[in-house]
Amino acid sequence: MRHTVTLSSETDWPGFRSEARRLLAHLVPPEDVAWHTPAGAAEDLFVPIADSEQKRPAAPVPPAQGAMNFVVPPAFLTLCEKVVLHQDPARFALLYRLLWRLVHERALRHDPLDADRTRARHMMQAVRRDLHKMKAFVRFRPLEREGEPPLHVAWFEPDHHIVEAVAPFFVRRFTAMHWAILTPECSVQWTPAQADPTAAPQKASDASLPPGELRFGPGASRADAPPADAGEALWLTYYAHIFNPARLKTDMMRKEMPVKYWHNLPEAALIAPLTAQATERSGRMVEAAPTSPARRIVQPVQQARALDPHPGAALPDDPKAALAALKRATERCRECPIGAHATQSVMGEGPIHAALMVVGEQPGEQEDLVGRPFVGPAGQLFNRAVAELGWSREHFFVTNAVKHFKFELRGKRRIHKTPGQREAAACLHWLESEIAQVRPRAFIALGATAARALVGRPVAVTAERGQWLEGPQGRRVLITLHPSALLRGDPAERDEAWRAWLEDLAQASDIASLEAAR
Amino acid sequence: MILQRKLAILADAAKYDASCASSGTEKRHSVGGRGIGSTEGSGICHSYAPDGRCISLLKILLTNFCQYDCLYCVNRVTSNVPRARFSVDEVVQLTLDFYRRNCIEGLFLSSGIIRSPDYTMEQVVEVARVLREEHDFRGYIHLKTIPDAAPELLHKAGRYADRLSINVELPTVQGLESLAPEKDGAAIRRSMARLTVHIDEAKAQKAQAESAPTVSLPRARPARAAAPRFAPAGQSTQMIVGADATDDAAILASSAQLYGAYRLRRVYYSAFSPIPDASSSLPLVAPPLVREHRLYQADWLLRFYGFEASEIVAPAQGGMLALDVDPKLAWALAHRERFPVDLNTAPRELLWRVPGLGVRTVQQLLATRRVRRLRSDDLKRLRVPLRKVMPFVVLADHRPGRVLEAEDLKARLAPPPVQRSLFDA
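What you see is a predicted model, and the numbers here were worked out from it, not measured in a lab.

### Focus on the overall build of chain A
So, step 1. Across its full length, chain A holds 18 helices and 15 strands.
So, step 2. Looking at the 518 residues of chain A, the share that counts as buried comes to 36%.
So, step 3. Contacts spanning at least 24 positions in sequence make up 71% of the contacts within chain A whose residues lie at least 6 apart.

### So, the overall build of chain B
So, step 1. Within chain B, the regular secondary structure consists of 15 helices and 10 strands.
So, step 2. Computed over C-alpha atoms, the radius of gyration of chain B comes to 24 Å, within 12% of the 22 Å expected from 2.2 N^0.38 for 425 residues, which places it in the range of a compact globule.
So, step 3. A total of 425 residues make up chain B; the buried ones form 50% of that total.
So, step 4. Sequence separation of at least 24 residues holds for 69% of the intrachain contacts in chain B that already meet a minimum separation of 6.

### A look at the domain arrangement of chain B
So, step 1. Considered domain by domain, chain B is made up of domain 1 (3–209 + 228–287) and domain 2 (336–413).
So, step 2. Using only C-alpha atoms to locate each centre, domain 1 of chain B and domain 2 of chain B end up separated by 40 Å.

### As for the interface of chain A and chain B
So, step 1. Between chain A and chain B, the residue contacts involve 72 residues of the former and 80 residues of the latter.
So, step 2. Elements with a minimum of two residues in the side of chain A that touches chain B: α5 (115–137), α6 (163–173), α7 (232–242), α8 (250–256), α9 (271–287), α11 (365–370) and β12 (413–416) of chain A.
So, step 3. Across the side of chain A that touches chain B, the residue classes break down as 39 nonpolar, 17 polar and 16 charged.

### A closer look at helix α8 (residues 289–304) of chain B
Residues and elements named next belong to chain B.
So, step 1. Look at α8: 23 Å from first C-alpha to last across 16 residues, which is about the 22 Å you get at 1.5 Å a residue.
So, step 2. Within α8 the residues assigned to the buried category are Leu289, Arg294, Leu295, Ala298, Asp299, Leu301 and Leu302.
So, step 3. Of the surrounding elements, those touching the buried residues of α8 are β7 (235–241), α7 (248–262), β8 (266–271), α9 (309–312) and α10 (327–334).

### Examining the sheet that holds strand β10 (residues 397–400) of chain A
Residues and elements named next belong to chain A.
So, step 1. Spatially, β10-β9-β13-β15-β14 is the arrangement adopted by the 5 strands of the open sheet, whose pairing is mixed. Two strands in the sheet have a free side with no partner beyond their single neighbour: β10 and β14 (468–470). On average, each strand axis in the sheet is tilted by 30° relative to the strand beside it, whichever way the strands run.
So, step 2. Of the pairings in the sheet, the one linking strand β13 (residues 442–446) to strand β15 (residues 476–480) comprises 5 bridges and is parallel in character. From the neighbouring strand, Leu446 faces β15, where its bridge partner is Thr480.

### Some points on the sheet that holds β8(B)
Residue and element names in this part refer to chain B.
So, step 1. A sheet is described by the order of its strands in space; here 6 strands give the open sequence β3-β4-β5-β6-β7-β8, paired in parallel fashion. Only two strands of the sheet have a single neighbouring strand rather than two, namely β3 (57–61) and β8. Ignoring which end each strand starts from, the neighbouring axes of this sheet average 20° apart.
So, step 2. Two elements, β3 and strand β4 (residues 106–110), share 5 bridges in a ladder whose sense is parallel. Following the sheet pairing, Ile60 is matched in β4 by Leu109.
So, step 3. Packed on one face of the sheet, α8 meets β7 and β8 and runs near 165° to β8.

### As for the environment of Ser273(B)
So, step 1. One can find Ser273(B) in the loop between β8 and α8.
So, step 2. Taking the C-beta count within 10 Å as the criterion, Ser273(B) has 28 such neighbours and is therefore assigned buried.
So, step 3. Along the sequence, Ser273(B) and Ile251(B) sit 22 residues apart, while their C-alpha atoms lie 18 Å from each other.
So, step 4. Apart from residues no more than four positions distant in its own chain, Ser273(B) is found in contact with Asn244(A), Ala246(A), Arg247(A) and Pro287(B).

### Focus: the confidence of the model for chain B
Predicted coordinates in areas of low pLDDT are best not read in detail.
So, step 1. For chain B, mean pLDDT is 90; residues scoring 70 or higher make up 94% of the total.
So, step 2. Listed scores for the predicted complex are pTM 0.88 and ipTM 0.92.

### Looking at the packing of helix α13 (residues 421–438) of chain A against helix α14 (residues 448–455) of chain A
The relative placement of two packed helices comes down to the angle between their axes together with the axis-to-axis distance.
Residues and elements named next belong to chain A.
So, step 1. Running from N to C, α13 and α14 point in directions that differ by 60°, and their axes come no closer than 10 Å. Here α14 runs oblique to α13, going by the angle between their axes. Our pair here, α13 against α14, has a crossing hand that is right-handed. Residues Ala424, Leu428 and Leu431 of α13 lie in contact with α14, whose contacting residues are Thr449, Arg452 and Ala453.
So, step 2. Within the contact of α13 with α14, the residues separate by chemical class into 4 nonpolar, 1 polar and 1 charged.

### Comments concerning the pairing of β13(A)
Residue and element names in this part refer to chain A.
So, step 1. With 4 of 5 residues buried, β13 lies mostly within the body of the structure.
So, step 2. Inspection of the sheet shows strand β9 (residues 356–360) paired to β13 by 4 bridges, in the parallel sense. Note that in β13 the partner of Met357 across the bridge is Phe443.

### As for the nonpolar core
So, step 1. Grouped together as the largest cluster of nonpolar side chains are 186 residues, with contacts concentrated most on Ile181(A), Leu10(B), Leu58(B), Leu109(B), Ala128(B) and Leu252(B).
So, step 2. The element that contributes the greatest number of residues to this core is α7(B), accounting for 9 residues.
So, step 3. Setting aside residues no more than four positions away along its own chain, Leu252(B) makes contact with Ala298(B), Leu302(B), Ala309(B), Ile312(B) and Val313(B).

### Points about the environment of Ser8(A)
Residues and elements named next belong to chain A.
So, step 1. Along the chain, Ser8 turns up in the loop between β1 (3–6) and α1 (13–25).
So, step 2. What makes Ser8 partly exposed here is the crowd of 14 C-beta atoms within 10 Å.
So, step 3. For the pair formed by Ser8 and His36, sequence separation is 28 residues and the distance between their alpha carbons is 9.0 Å.

### Observations concerning unusual backbone geometry
So, step 1. For the peptide bond that leads from Phe339(B) to Pro340(B), omega is 0°, which places it in the cis range.
So, step 2. The backbone phi angle of Gln473(A) is positive, close to 55°, even though this residue is not glycine.
So, step 3. For Gln473(A), the position within the fold is in the loop between β14 and β15.

### Topic: the packing of α5(A) against α6(A)
Residue and element names in this part refer to chain A.
So, step 1. Packing of α5 against α6 brings their axes to within 10 Å, and their N-to-C directions diverge by 40°. The angle between the axes of α5 and α6 places the two elements in the oblique class. The hand of the α5/α6 crossing is right-handed. Where α5 approaches α6, its residues Leu131, Met134 and Lys135 are matched on the opposing element by Ala165, Val166 and Phe169.

### Some points on the pairing of strand β11 (residues 407–410) of chain A
Sheet faces and side chains relate simply in a regular strand, where the side chains alternate between the two faces.
Residues and elements named next belong to chain A.
So, step 1. Here β11 pairs with β12 via 4 bridges, running antiparallel. Looking at the pairing, Phe407 lines up with His416 of β12.
So, step 2. Between β11 and β12, which pair antiparallel one after the other, the connecting turn spans 2 residues, and Gly411 there sits at a positive phi close to 60°.

What counts, and at which threshold
- What you see as residue numbers is a count from 1 along each chain, following the sequence as written.
- Both sets of labels track the order of writing: A upward for chains, 1 upward for ligands.
- Per-residue local features are limited, in this predicted model, to residues with pLDDT of at least 70; the limit for side-chain atom pairs, both in listing and counting, is 80 or more; totals at the level of whole chains, interfaces and linings are taken over all residues.
- Each helix corresponds to a stretch of at least 4 residues labelled H or I by DSSP, and each strand to a stretch of at least 2 residues labelled E; elements are numbered beginning at the N terminus.
- Exposed residues have 12 or fewer other C-beta atoms within 10 Å of their own C-beta, buried residues have 20 or more, and residues in between are partly exposed; the C-beta atoms are placed from the backbone.
- By definition, residue pairs are in contact when their C-beta atoms, positioned from the backbone, come within 7 Å.
- For this measure, only C-alpha atoms enter the radius of gyration; the expected value for a globule follows 2.2 Å times N^0.38, where N is the number of residues.
- What fixes the domain bounds is an automatic or database domain assignment.
- Three residue categories are used. Nonpolar comprises Ala, Val, Leu, Ile, Met, Phe, Trp, Tyr, Cys and Pro, charged comprises Asp, Glu, Lys and Arg, and polar comprises the others, including Gly.
- The length a helix should cover is 1.5 Å for every residue beyond the first.
- Strands qualify as paired when DSSP identifies two bridges or more between them.
- For helices, the fitted line uses only the C-alpha atoms of the stretch in contact; every axis is such a line through C-alpha atoms, and the angle between N-to-C directions lies from 0 to 180 degrees.
- pLDDT: the predictor's confidence for each residue, scored from 0 to 100.
- For classification purposes, an angle smaller than 35 degrees is called roughly parallel, one larger than 145 roughly antiparallel, one from 65 to 115 roughly perpendicular, and anything else oblique.
- Left-handed describes a crossing whose near helix is turned anticlockwise from the far helix through less than a right angle; right-handed describes the clockwise counterpart.
- A set of buried Ala, Val, Leu, Ile, Met, Phe, Trp, Tyr and Cys residues, joined to one another through C-beta atoms within 7 Å, is what we call a nonpolar core.

Spelled out as structure tokens, the structure:
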């Protein structure tokens, strides 16, 4: 038994849906159906599209005779919506066959490389490309109208039946503009609503479109669109001058902007002359002898970098200025390899002559980006401890044993890497210079790198934590864990570890509460 | 000076910046606004010039007067090119006019350094402010940031712009010091870091605002404060290729660092090309376009195919990418012991390494092989370049045999030399 279905228009998706459901429910196999569309369906002049037909909710169809599962994957509906816009007359037959097979062959939905599915996907891609190119290559020209805002009119020739589908894009983009797009098959005009706050919204049912009127009409011809206007010359000037004649890649241009679009693009008329002159123009540039500058506008910006102190240079007497000079000097330090890869050096922060100096290991990812110590996750944990101990960060100085961030690049992430003894040793003189300016009475060493730098020998932190060790020149150093050790630690023992860490730190509470001298 | 002449000069001055992307930003439209403009995720290229570059944004300089003397730059202070300067309003009107014609997605504004970095940045930001605030323009805006400008100005730029960029210009600090004496590589990196922090912060706040439940008091309007916006399309940069002696391995290592440290959306590679009134100390030869193309391909391998920068350039090649074959094929030819790969069993990471298979193709192969065995017909339907793929893969009905051991495999796979016509330089 042969069935013939005539849809109401080239893009009658709702009609196709309901017919397909009916046929499927009656178990009509795809080879028994012939699908047709009336040629030149859109005969009526400027019929406003009924919104209810634009998007019908994707409700599952109740099973008819022979309780079949009609539920299809949502992706199939998206596919259909695009494929019905294709110009291939066989598209409806293909979609119905796919629907039939989806219902009757369970495995099909898991096989994206099935021949029918592949063909439908290619059609969808062709439609998408056409939609995209229409958004790109439509060119409006203003048409001045008496007593009305100018109407921007474009002439375009799409490959597929996409005008209705693409119109909302132009509405969203040019909501306040009056525009029309003419194509051989159909035309569309947008008139924004008058800015009248008392007016009731015209299309309360449709949240996707703003107030205004979108009208579709019959096809037009190129002669109906306005000719070039004076303003277009500016666009042509821009096109001619943004082109670099020294790099001709016309294949690439043709691939992305196929020749079939050229006759509707005003700038395309320039392609031939620009291409023809390119070789000669670029040859002239290569051959031209260098000229001497006609004038020097002003002297270039002063080179501040030349003034930077070099390692070993004398520091200013004022400790603040000295610390600033150290910061600039470490910025250019390449005594070990890690400085070259970091964003910046990160120096200590806090009052000069603070009684207590807290020394961590090295700046982390956040510190490297921000340029300040103790701002990353470990720094925040330390701040929590400071708050809990009732200390105040304004009273002591915080810094790191190593001044640059050492990391390993893994894919697109920088992973923290513990500085080696070589890097720590290379950096030690910067830390000592900092200490010489701040002159604290005591130190807290967070972790092994800081402990070794301050005490002058390898320190087994887990064994010697909570103790005051003596370093060179009678330096008093309280040893404890680095906060990142707590972050990495066993979650089950986190509370216990936190308490122990606070106990260690509390030994410095007397000194931490001292105001900075002077 | 008439507008058309200015436009000609300032477009000429801007064309050496490769970036033109209009993608990756938030979705916006002009519904409910006073003006025009929309962005819908993927960018749109409205035209292409015969140099093969897309025209998506109106890419111009505010002025090409400049105090700096960067040798590779057409606008350096010692060049005798004609100079011009737009007023803020001229740029605004040009942007809106081209936008209404549907010629562009928005504006990419850069500038020569006049008076001071801060003054210049202020002018650039003012253009964006007028477009956004006075004309309610909702299209795409990309601002070139001046690294030495004040942090407040960078912050303001991020509020109006979709994308910000700072050009590292040359892949190495040494190269920058010798060719662009006024530019400071460390300052460029610090600025990028600052943008990274702002972009991350805005992103985190947005995510928080979207996930937090709205609390509404009785009779109060349920409202949540809009998250502050900062360059939703992120930041990018550009390197000039071929102006100094840096090899491809160093360029890719530098890119990998930039992606890792500052989460750049893109690194653009711009083949150094002859410019009008060039400096005598630079190579004035045809731009290395194939090299530029290979670098982009390698960049893709870095970002989407799980390659590390250090493995892309074969050690045998003196730090340079092969010009005759693409970098993935070059890697496969140099690592034949890793092939053939069985498409029915190999993990995703290995499928990514097969020449000719893209990320999307791999996705579909993985989905299909869950329900059945993959055959050669499947590859045909996927329209992959079979000549390139088949020697490296095993399928239910295909084994490459000894072809992987063939000495002349590269010659067989490399595209045959083409007779170039006058128009395909």
